[in-house]
Amino acid sequence: MSDLHELPDLAGDVRERVVIPPYAEVSRRVRARRLRGAVGTMAAVAVVVGGVAVWQSVATTPGPSVPKPADHTQGPTPPTDESQWRAVVDGTDSHPFEIQGTDDGSLAVVWRALEPGAPTFALVIREADGSVHGMRLDEPVSLTPVPGGWVGTYGGRGHLIGSDGSWSDLDETAPRQPQAGDVVVTGQYSSWLYSPLDQGLSPVTELEGSFADGYVTPDGDLVTCGLGEGGVRASSETQAIMLPALPGATCVMAGHGEDFAVVGLGDEPDGGIPMTGIMLWSGNAAVLPDPTDMLSGVTSVVMTPDGTTVITDASTGDGYLIAADGAFRPIDRKAGEAFVAGDQLYVSSYGHMNGPLFVSDDDGRTWLQTTLPGNESKPD
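Note that residues are indexed from 1 along each chain, following the sequence as it is written. The predicted origin of the model limits local features to residues at a pLDDT of at least 70 and limits the giving and counting of side-chain atom pairs to 80 or more, whereas totals for whole chains, interfaces and linings rest on all residues. By convention in this description, side-chain values take in all heavy atoms of the structure and omit both hydrogens and water.

K.L.:
Could you clarify how one ought to interpret the overall build of the chain in this entry?
P.N.:
We count a stretch as a helix when DSSP gives it H or I for four or more residues in a row; a strand needs E for two or more, and each element gets its number in order from the N terminus. A tally of helices and strands in the chain yields three helices and 30 strands. Whether two residues are in contact is decided by their heavy atoms, any of which lying within 4.5 Å being enough. Pairs at least 24 residues apart make up 48% of the contacts formed inside the chain by residues separated by at least 6 positions. Accessible surface for the chain amounts to roughly 15400 Å². Of this, 51% is attributable to carbon and sulfur atoms. For every accessible area listed, the method is Shrake-Rupley and the probe measures 1.4 Å; residues are considered covered only by the protein chains on display.

K.L.:
What exactly am I supposed to notice about the state of the cysteines here?
P.N.:
Working definition: the covalent bond between the sulfur atoms of two cysteines is a disulfide. Only a pair of cysteine sulfur atoms within 2.5 Å qualifies as a disulfide here. With the rule as written, the count across this model stands at one disulfide. The disulfide partner of Cys 225 is Cys 251, and the gap between their sulfur atoms is 2.2 Å. Across the S-S bond linking Cys 225 and Cys 251, the dihedral sits near 105°, which makes this disulfide right-handed. Of this pair, Cys 225 sits in strand 16 (residues 222-228) while Cys 251 sits in strand 19 (residues 250-256), and the two are 26 residues apart along the sequence.

K.L.:
Where do I start with the packing of aromatic side chains in this structure?
P.N.:
Aromatic contacts are taken between Phe, Tyr and Trp rings whose centres are within 6.5 Å, Trp giving its six-membered ring; a plane angle under 30 degrees counts as stacked, one over 60 as edge-to-face, and the others as tilted. In this structure the tally under the stated criterion is six aromatic pairs. Aromatic pair Tyr 320 and Phe 328: ring centres 4.8 Å apart, planes at 85°, arrangement edge-to-face. The classification of residues rests on relative accessible area computed with a 1.4 Å probe and restricted to protein chains. Under 20% of the type maximum is buried, over 50% is exposed, and intermediate values are partly exposed. For Tyr 320, a relative accessible area of 12% corresponds to the buried category. Accessibility expressed as a relative area gives 23% for Phe 328, which makes it partly exposed. Ring geometry for Phe 339 and Tyr 346: centres 5.2 Å apart, planes at 5°, overall stacked. Residue Phe 339 is classed as buried on the basis of its relative accessible area of 1%. Cluster of aromatic residues (ring-pair linked, three or more members): Tyr 215, Phe 260 and Trp 281. Geometrically, a lysine NZ or arginine CZ counts as sitting over a ring once it is within 6 Å of the ring centre and also within 35 degrees of the ring normal. Across from the ring centre of Phe 358, 4.9 Å away, lies the NZ or CZ of Arg 333, which sits over that ring. Taking the ring centre of Tyr 350 as reference, the NZ or CZ of Lys 334 above it sits at 5.5 Å.

K.L.:
Hey, could you run me through unusual backbone geometry in this one?
P.N.:
Only a minority of non-glycine residues have a phi that is not negative, and only a minority of peptide bonds are not trans. One non-glycine residue, Asp 93, lies in the positive phi region at around 50°. Following the sequence through the fold, Asp 93 ends up in the loop between helix 3 (83-89) and strand 3 (95-101). Residue Gln 199 is not a glycine yet carries a positive backbone phi of 50°. Note on placement: Gln 199 falls in the loop between strand 13 (191-195) and strand 14 (200-203).

K.L.:
Looking at this model, I keep getting lost on the pattern of salt bridges. Mind explaining?
P.N.:
Charged atoms that come close allow side chains of opposite charge to pair. Any carboxyl oxygen of Asp or Glu that lies within 4 Å of a side-chain nitrogen of Lys or Arg is treated as forming a salt bridge with it. Evaluated as defined, the whole model comprises five salt bridges. Of the charged contacts, one joins Glu 376 and Arg 126 as a salt bridge, the two residues approaching to 2.6 Å between their closest N and O atoms. With Glu 376 in the segment after strand 30 (368-370) and Arg 126 in strand 5 (residues 120-126), the pair connects residues that are 250 residues apart, well separated along the chain. Note on Glu 376: relative accessible area 31%, which makes it partly exposed. Given the relative accessible area of 11%, Arg 126 is considered buried. As a salt-bridge pair, Asp 182 and Arg 176 come within 2.8 Å of each other at their nearest N and O atoms.

K.L.:
What exactly am I supposed to notice about the side chain of Ser 348 here?
P.N.:
Tracing the backbone shows Ser 348 in strand 28 (residues 344-349). Polar side-chain contacts of Ser 348 include one of 2.8 Å to the backbone nitrogen of Glu 337. The residues contacting Ser 348, other than those within four sequence positions of it, are Ile 99, Lys 334, Ala 335, Gly 336, Glu 337, Pro 356 and Leu 357. Any pair of N or O atoms that falls within 3.5 Å is considered a polar contact. Within protein, one atom must be able to donate a hydrogen and the other to accept it, and sequence-neighbouring residues count only if both atoms are side-chain atoms.

K.L.:
I tried to follow the sheet that holds strand 28 on my own but got confused; where do I start?
P.N.:
Across a sheet, strands are paired by hydrogen bonds formed along the backbone, either parallel or antiparallel in direction. Any two strands with at least two DSSP bridges between them are considered paired. A sheet is described by the order of its strands in space; here four strands give the open sequence 27-28-29-30, paired in antiparallel fashion. Each edge of the open sheet is held by one strand with a lone partner, namely strand 27 (335-341) and strand 30. Mean inter-strand twist for the sheet, computed between neighbouring axes without regard to direction, equals 30°. Relative to strand 30, strand 29 (residues 357-360) runs antiparallel, the two sharing three bridges. In the strand pairing of strand 30, Leu 357 is matched with Thr 370. Here the axes come from fitting lines to C-alpha atoms, over the contacting stretch only for helices, and the angles between their N-to-C directions go from 0 to 180 degrees.

K.L.:
I'm lost on the environment of Thr 205 in this one. Help?
P.N.:
Inspection of the secondary structure assignment puts Thr 205 in the loop between strand 14 and strand 15 (211-216). The partly exposed category is assigned to Thr 205, whose relative accessible area is 41%. When the C-alpha atoms of Thr 205 and Trp 192 are compared, they prove to be 8.5 Å apart, with 13 residues separating the residues in sequence.

K.L.:
Quick question: what am I supposed to make of the sheet that holds strand 6 (residues 132-137) here?
P.N.:
Taking strand neighbours across the sheet as the criterion, the four strands line up as 3-4-5-6 in an open arrangement whose pairing is antiparallel. Two strands close off the open sheet at either side, each with one partner strand: strand 3 and strand 6. Strand after strand, the sheet turns through a mean of 20° between neighbouring axes, direction not considered. Where strand 4 (residues 107-113) lies against strand 5, seven bridges are found, and the strand directions are antiparallel. In the sheet register, Ala 113 faces strand 5, and the bridge partner there is Thr 120.

Rendered as structure tokens:
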């Protein structure tokens, strides 16, 4: 097992500071190191979700959660009885803990129900043809979209989760150079390159130290961002470029094809994680948009196939749609999590509650309403 440095994780920071379930591109990214010790001593906190106060555990688990060699399968066995995962979806104060789409149009939701004693979890997948299947989990699984499904970290091991619900263990290989087709998978303490060709996880040594996030272009160029001289910077060793600096304490990235976005993030004493700036790389040139107002918090960052960057703040329901030329448009509804499935843009209900999903075929200009996977048979 490689000895990897701890990397910051915004998902943990968001969860432990403002107690919003971890989501999407921000999920598992940038964590404030100064909170690790203090938060580990907490047993439970009062949470206000959708105006209802509930109690939930936020205690951290000791030691890093990293993929281990695939000696044998440790993924959960899909239940034969649908009632096992239905019990979570229909459980007490059930809500989506994480939502992700993937390239074939499938959607995956990690559901959490706040049952007395301890929360319960389930993974429910709706494929592009509308078929729905799921399984109950002993703990939440973190999801990173990859071709045909997701890389999931579960039980201290990395798995490839197919859109059909299949689980395959992923070997951790030796560090290597990024290559075409790689996807950056970020965990709470470590980061890896996932290769769809080799179906393995390789530690990303470039994301050690002050680097917070990365994106691999179709040519295999790894672009990283982190705190450097003058603020948050993105750079590429392959292209030998250093992109313009942004204000902020750390950063998160999203991309599609050759285009990518870097969002600067703050670290406020009161626990806030505000948006501090944004840099777009499109058409082989850097664009620095100038919004009139920065979001007071950041929950998700995603780029659509048409090159629109979407940023949401689930604590306020605010969000931006930012075109490749830097033009800003506010999302015209209260939004929670933004994500892409196939060529469609989705946003979840404000506050991550058990509400409808909204889907757009034109980068957020018009929306249709649909349901969360698992809620298909429920009345609106």
